[in-house]
Amino acid sequence: MHTSTRTRLLTWAAIPLMVLAIAASVPGATVAQEDAEAPERPFILPFQDPPGPGTWLLGQPYGNTLGAYRQRNRTYVRSGGIHFGVDFSTPCGTPIVAIADGVVFAVDNQNFGSPPHNLMIDHPSEEYASFYGHLLEPPELTVGQEVKQGELIAMSGDSASSTCRGRPHLHLEIRDLQHVWKYNPATLIDADWDNLALIGSFGPGFEYNLDNPRQWQHIEDQPEAVTGGPILNDFDNPWPPDWNAGPR
Amino acid sequence: MKTTLHTTQFRLALAAATLLLLAAVWLPAHADVPEAATHLAPLTADGCCTRPFWSEDSRQVLFIDKPDESAPAGIYGVETASPLQTALVTPRIALYSPGMDYVIDLQPGATTLERVADGTRWTVPAQGASVTISPGETRIAWSRGSASTGGGTSRIWIADLDGGNETQLAALNGASVSGWISDEALFISGRDAPNTLERVLYCLSVPDGTLTELARADNLRGQILSTDGSWVAYYVAPNPDPTVNGLWVARTDGSARFQVTPELFGSYQWRDDHRLLLIPLQFAATNHELWELDAATQETRLLHGPDDPAFKVNDGDWAVSPDGRKLVFVSARDHNLWLLTLPE
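Residues numbered from 1 in each chain as written. Chains lettered and ligands numbered in written order. Predicted model: local features only at pLDDT ≥ 70, side-chain atom pairs only at ≥ 80, totals over all residues.

Student: Got a sec to walk through the pairing of strand E23 (residues 299–304) of chain B? Specific residues and values, please.
Tutor: As defined by bridge partners, strand E22 (residues 290–294) of chain B adjoins E23 of chain B across five bridges and the pair is classed as antiparallel. Within E23 of chain B, the residue paired with Glu 292 of chain B across the bridge is Arg 301 of chain B. (Pairing = 2+ DSSP bridges. Helix = DSSP H or I, 4+ residues; strand = E, 2+ residues; numbered from the N terminus.)

And the structure:
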């Protein structure tokens, strides 16, 4: 059958079904309006500009990453052995914005880590807090100051070098209001993570637990962690193995 | 309120029907657009699995799995000709060479190769470092030093496949082996100085150790060779010079290099000797697009999308078959493996 004829017939045949589908979809949308529930993902990305090679890209996602597994007994030992935030690769000096309305809880409190400078903002309405690490300079904010979603709050920096010649990136965490539980930002930030994951230094994925290889293998399916909690990824049968013990 | 809702529904339905009628009338005059030559089909069910890879004959998609509590963990497979029928290929999960002919076993201070066909094992002098086997399976290469930190000198070594004739070929800051261009040439990256963001790609001649520079830039990443080693794709992000940011393609003999159009910046894999497949990063896109770039002519063509909701890749997880005719990806919709058959 010629393409145009078949396309036309399919289009005609599809009309009643599509009309029904549209009609059926309306009540769901209306219910959402009536109930005015809080959005499922209340936060926005911490950048003003869209992702790209000159702005920012996804670096390391939250969770059971290969890199975190190798560092589970060192860098990440206090937070379940997983990467308890999301890293965005971005040049030093990139403007960082608040991911929601909130109140500044801490400025440059090194107990929260991620030097050289950091910032913790509480979001009481959402019952979460957001943490911004490896900042270029101390944020010009004071404890108790209110900030609005999208407001410029800091500049990104570098975790490895004050000269920005190391590993420039933003480390973003989402915690509870007691600042001890860490949650997966990919489930709370309104963004298309499948688009963001297309390019970046993310690498080949997550560590396998061969006793349950389908566990924690997607960016949006990762465990919560608590400060001082047990190591979550100290698997009996990991893949790849921990080759760190050998000389590299 | 309910009456209002029903009225709204009716009006929306009427508007949609009108639009579709108009579209149906409009379509015949614009029906010269060729049908997509690609074909999409699910390969697995139950949300299985991640990080698929291909058998050497391109007939089977392989992945790590343990489909239920009683099943062994292992490498499972699904024939592309028999979708949804997965089976255990081998319970041995190991670091295999690309054709799964050899297993590379790493232990602290010891690297061992095993020929899968007959189980023969021998130690090679890489001392626990991973090795890369040359295309003709005649040589191995590895690096030792501070490649991961870029803070010191790394040494590039080669040996025969049996571990003999161990030779140090080069010593560079932060050097690492990215692959074999041929059995006579290595593809390596390094730095001119420690603790710098600038990374340099080289072709390293095995016979004489000569370095041919292919590219250099701050934050150069993601370098992958085409199937015959004649081209390399890489990206730069971010660079102090914004015109340098983006995806690049270069010949590994050093004779040509060009920047790919910014609209196609995204995930990329080689389809064959000279054709690069690309899934552009489109921030607001609902579905993904698959493009092809011919490095030899710099021509591009859209292979699939953007109107197919079934084509959306989860976590950048996709792989091209060795014959270049198929692509497997983890679906963002259902987390299953899906097969996309490519046009010639």
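Structure's up, so let's keep going.
Student: Kindly report on the nonpolar core, identifying the contributing residues and their values.
Tutor: Residues and elements named next belong to chain B. Counting residues in hydrophobic clusters, the biggest one holds 127 residues, and the most contacted among them are Ala 141, Ile 156, Leu 186, Leu 204, Ala 233 and Leu 276. The dominant element in this core, judged by the number of residues it contributes, is strand E12 (residues 167–182), at seven residues. With near-sequence residues (within four places) excluded, Ala 141 lies in contact with Val 131, Thr 132, Ile 156, Trp 157, Ile 158, Val 177, Trp 180 and Leu 186. (Core = buried A, V, L, I, M, F, W, Y, C linked by C-beta atoms within 7 Å. Buried ≥ 20, exposed ≤ 12 C-beta atoms within 10 Å, placed from the backbone. Contact = placed C-beta atoms within 7 Å.)

Student: How would you explain the sheet that holds strand E17 (residues 231–236) of chain B if you had to name every residue and give the values?
Tutor: Backbone-to-backbone hydrogen bonds join strands into a sheet, with any given pair of strands oriented parallel or antiparallel. Residues and elements named next belong to chain B. Strand order in the open sheet formed by four strands is E16-E17-E18-E19, with antiparallel pairing between adjacent strands. Edge positions in the sheet fall to strand E16 (220–225) and strand E19 (257–259), since each has one partner strand and no second. The sheet shows a mean angle of 20° between the axes of neighbouring strands, taken without regard to direction. (Axes fitted to C-alpha atoms, helices over the stretch in contact; angles between N-to-C directions.)

Student: Summarise the confidence of the model for chain B; cite the residues concerned and give the values.
Tutor: Residue and element names in this part refer to chain B. Of the residues in chain B, 88% reach a pLDDT of 70 or more, and the chain-wide mean stands at 89. Across residues 1–36, where pLDDT falls below 50, the model places 33 contacts with residues more than four positions away in sequence or in other chains. Predicted as a complex, the structure gets a pTM of 0.86 and an ipTM equal to 0.86. (pLDDT = per-residue confidence, 0-100.)

Student: I'd like a description of the pairing of strand E25 (residues 326–331) of chain B, backed by residues and values.
Tutor: All names here are of chain B. With six of six residues buried, E25 is to be regarded as a mostly interior element. Pairing geometry for strand E24 (residues 313–320) and E25, over four bridges, is antiparallel. Note on E25: the bridge partner recorded for Trp 318 is Phe 329. Hairpin geometry of E24 and E25 is characterised by an intervening segment of five residues between the two adjacent antiparallel strands and by a positive phi of about 75° at Gly 324. Examined bridge by bridge, E25 and strand E26 (residues 337–341) share five bridges and lie antiparallel to one another. Residue pairing in the sheet places Val 328 in a bridge with Leu 339 of E26.

Student: So what about the sheet that holds strand E8 (residues 121–124) of chain B? Which residues, and what values?
Tutor: All names here are of chain B. What the three strands build is an open sheet, ordered E6-E7-E8; its pairing is antiparallel. Strand pairing shows two members of the sheet lacking a second neighbour, strand E6 (102–107) and E8, which therefore form its edges. Averaged over all adjacent pairs, the angle separating strand axes in this sheet is 25°, with direction ignored. In this structure, strand E7 (residues 110–115) lies alongside E8, joined through four bridges in antiparallel fashion. By the bridge assignment, Leu 113 is partnered in E8 with Trp 122.

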